[in-house]
Number of protein chains: 2
Amino acid sequence: MAFAGIVTYSFRMPASRPNDDERALRPQSDSPPALCTACEARHRGVCGALDGEQLAELARASHLQVIEEGAELIGDAERVESYSNVLSGVVKLTKTLPDGRQQIVGLQFAPDFLGRPFREESTIGASAATTVSLCSFPKSTVERMMREQPQLENRLLRQALDELDDAREWMVTLGRKTAAEKIASFLLMIARNIAPRAAGAGETASFDLPLTRSDIADFLGLTIETVSRQLTKLRIDGIIRIENNRRITIENVVRLAGRAGD
Amino acid sequence: MAFAGIVTYSFRMPASRPNDDERALRPQSDSPPALCTACEARHRGVCGALDGEQLAELARASHLQVIEEGAELIGDAERVESYSNVLSGVVKLTKTLPDGRQQIVGLQFAPDFLGRPFREESTIGASAATTVSLCSFPKSTVERMMREQPQLENRLLRQALDELDDAREWMVTLGRKTAAEKIASFLLMIARNIAPRAAGAGETASFDLPLTRSDIADFLGLTIETVSRQLTKLRIDGIIRIENNRRITIENVVRLAGRAGD
DNA sequence: CGTAGAGTTGATAAGGGTCAATGGTGGTGG
DNA sequence: CCACCACCATTGACCCTTATCAACTCTACG
């Protein structure tokens, strides 16, 4: 059941036909494919390393997938035959102990690259925290391009180092922060990824949590009860508003940051 | 006092003079510099990506440092002007919260590469857990070579991905394991890095802990008292022998692994 | 031989886990 | 349109693991 809930489209399916206007705007053969021009990965993601021709080649080999909430993308220790870019939604990376204890070890947002080069099988599981759309490529195509275009490897190195910084930041949270500090740090991290404008300067920020209470607990090394209690505490203290289970408003970003422990 | 306790040598200092026999063995101008031939980093580390000429050039710009136990290599948020290879000893990577709580977020052994490309200042602190020897290069030389030799970037990407796997492995340990499991996991990890032979197949393994109880606590998100109590418990159960504060013998690797939670 | 620093051990307390009951909310079918 | 159910989240009572505080031991070193 690994791919339950995954719908796959081809980039050349009828729904994505370019119309005459679009064609007229990019007549050259090495201009970016129509579907790449609006893609975040083309600018901030790994595809930014490719020239027009390479991008066209990759687009020809790629396909769009829409994965519904909860579906598994990659099982632990499963052989992986493709890489992907996250186009929208949130992917959670998980590790599970033999007795079932689970830890979320990372979250991926658009336009992150999803996959583990240089390893036959993945060491972690990946699943859709929300509905996710992915642009997936065959492993072999990406690996050939890495050899032809060093810029691509450079982009992957930059993302790997950023993820490493994130992982180490969370090690501090997991190892040394209290439950209250963990929740505050988590809300701030989500806000910065989902509503960067508001979280940066503004005093308030509203967003839908991409995770259930159970996921948040698995991310912070807590139980769902503790997560719930700490959210309630922040609500009573007037720092957040809980519109419904998923939707949160941070009433005062500065005060919340003051409770994150750093 | 950032560099207290650091002794610096040049690679061309008298103590490292090549004798006639060594010269005779490698007459070509692009053969590896004498001091690189015996270096682990030349084979398993990043230097393996360089050809003879590049290696010679890098060696000319590099210098050997011996850092005594406890000395700080890089302060948090400090500007870094050089990269290094770890030649021997153990470097601990730390993060500290404003109120002083500390978390060790990684350990580096020979022949790991030390440094954070693409960032002006480091986001973590680094200090010598044991006496450490480093081979250091100017930032600019390494960065130019990264552009000239894509293989170098490939090596860095591989190391970054390995470190990311390690960091995520420890996130599980920090977030979901009990104190007893944390200590068992830690001892196994150290044994695998310091005494790989014995830890792999053998039933017993002896080694010197590269960390104090306080460091172990900071690595595992515990207090020194809990670390001490759990070590005592393993000793009483006949799984380890504590020769002295630093030296440990794992009497039964299999039984210890059974207590690591995975 | 005395002191300092690291480690151990013990008593107590608190933070967060566990177990159990209750409270929303969204989806389905009558 | 409403009632019911399933699932998620909240709240409460209690307990356990680990932190905290304190005393003591051991070893290295002058």
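Residues numbered from 1 in each chain as written. Chains lettered and ligands numbered in written order. Predicted model: local features only at pLDDT ≥ 70, side-chain atom pairs only at ≥ 80, totals over all residues. Heavy atoms only, no water.

## Remarks on the domain arrangement of chain A
Residue and element names in this part refer to chain A. Put simply, the rule is: Segmentation of the chain into domains, including their bounds, is taken from an automatic or database domain assignment. Working rule for contacts: check all heavy atoms of both residues, and any pair within 4.5 Å makes them a contact. Note on terms: buried area is the combined drop in 1.4 Å-probe accessible area of two parts once they are placed together, counting the loss on both. Should a side-chain nitrogen of Lys or Arg be within 4 Å of a carboxyl oxygen of Asp or Glu, the pair is scored as a salt bridge.
For chain A, the assigned domains read domain 1 (20–163) and domain 2 (177–260). In this structure, domain 1 and domain 2 have C-alpha centres spaced 28 Å apart. Taken together, the 11 residues of domain 1 in the interface contact 12 residues of domain 2. Each partner contributes to the roughly 910 Å² buried at the junction of domain 1 and domain 2, and carbon and sulfur atoms together form 60% of this total. On the domain 1 side of the interface with domain 2, the three residues burying the most area are Ile104, Leu107 and Phe109, jointly 49% of the side's total. Across the domain 1-domain 2 interface, the total number found is 2 salt bridges.

## Brief notes about the relation of the copies chain A and chain B
Threshold: We place the copies in one frame by least squares, fitting the C-alpha atoms of every residue whose pLDDT is at least 70 in both.
In screw terms, the move from chain A to chain B is a rotation of 180° and a rise of 0.0 Å along the axis, fitting with an RMSD of 0.0 Å. The two molecules are tied by a two-fold rotation axis, judged by turn and shift. Of the interface residues in chain A, 100% have counterparts in chain B that sit at the interface too, so the contact is made through matching surfaces.

## A word on the side chain of Asp165(A)
This is how the line gets drawn: Strands are runs of DSSP state E lasting at least two residues, helices are runs of H or I lasting at least four, and both sets are numbered from the N terminus onward. Remark: exposure states derive from per-residue accessible area (1.4 Å probe, protein chains only) relative to the maximum for the residue type, with buried under 20%, exposed over 50%, and partly exposed in between. Polar contacts here mean pairs of N or O atoms no more than 3.5 Å apart (in protein, one a potential hydrogen donor and the other a potential acceptor; neighbouring residues in sequence count only if both atoms are side-chain atoms).
Its place among the elements puts Asp165(A) in helix H6 (residues 150–176). Using a relative accessible area of 14% as the deciding quantity, one classes Asp165(A) as buried. In terms of polar contacts, Asp165(A) uses its side chain to reach the side chain of Arg119(B), at 2.6 Å. Ignoring sequence-local partners within four residues, the contact set of Asp165(A) consists of Arg116(B), Arg119(B) and Thr123(B).

## Thoughts on the sheet that holds strand E8 (residues 125–128) of chain A
Residue and element names in this part refer to chain A. Basically, it comes down to this: Criterion used throughout: strands pair if DSSP finds at least two bridges between them. To obtain each axis, a line is fitted to C-alpha atoms, and for helices this fit is confined to the stretch in contact; angles are then taken between N-to-C directions over 0 to 180 degrees.
The strand order across the open sheet formed by 4 strands is E3-E8-E5-E6, and the pairing between neighbours is antiparallel. Single-partner strands in this sheet number two, and they are strand E3 (72–74) and strand E6 (102–108). Going from strand to strand, the sheet's axes swing by 35° on average, the running direction of each strand aside. Sheet topology note: the E3/E8 ladder contains 2 bridges and is antiparallel. Residue pairing for E8: isoleucine 74 is matched across the bridge by alanine 126.

## A few points about the interface of chain A and chain B
Of the residues lining the interface, 46 residues belong to chain A; the matching set on chain B comes to 46 residues. Surface buried jointly by chain A and chain B totals about 4,200 Å² across both partners, of which 61% is contributed by carbon and sulfur atoms. When the area that chain A buries against chain B is broken down by residue, the three leading residues are Arg168(A), Met171(A) and Arg176(A), summing to 19%. Where chain A packs against chain B, one counts 16 salt bridges. A salt bridge links Arg116(A) to Asp162(B); the nearest nitrogen and oxygen atoms lie 3.0 Å apart. The interface formed by chain A and chain B contains 24 residue pairs in polar contact (both at pLDDT 80 or more). Listed by contribution, the elements that provide at least two residues to the side of chain A that touches chain B are strand E5 (91–96), E6, H6 and helix H9 (213–220) of chain A.

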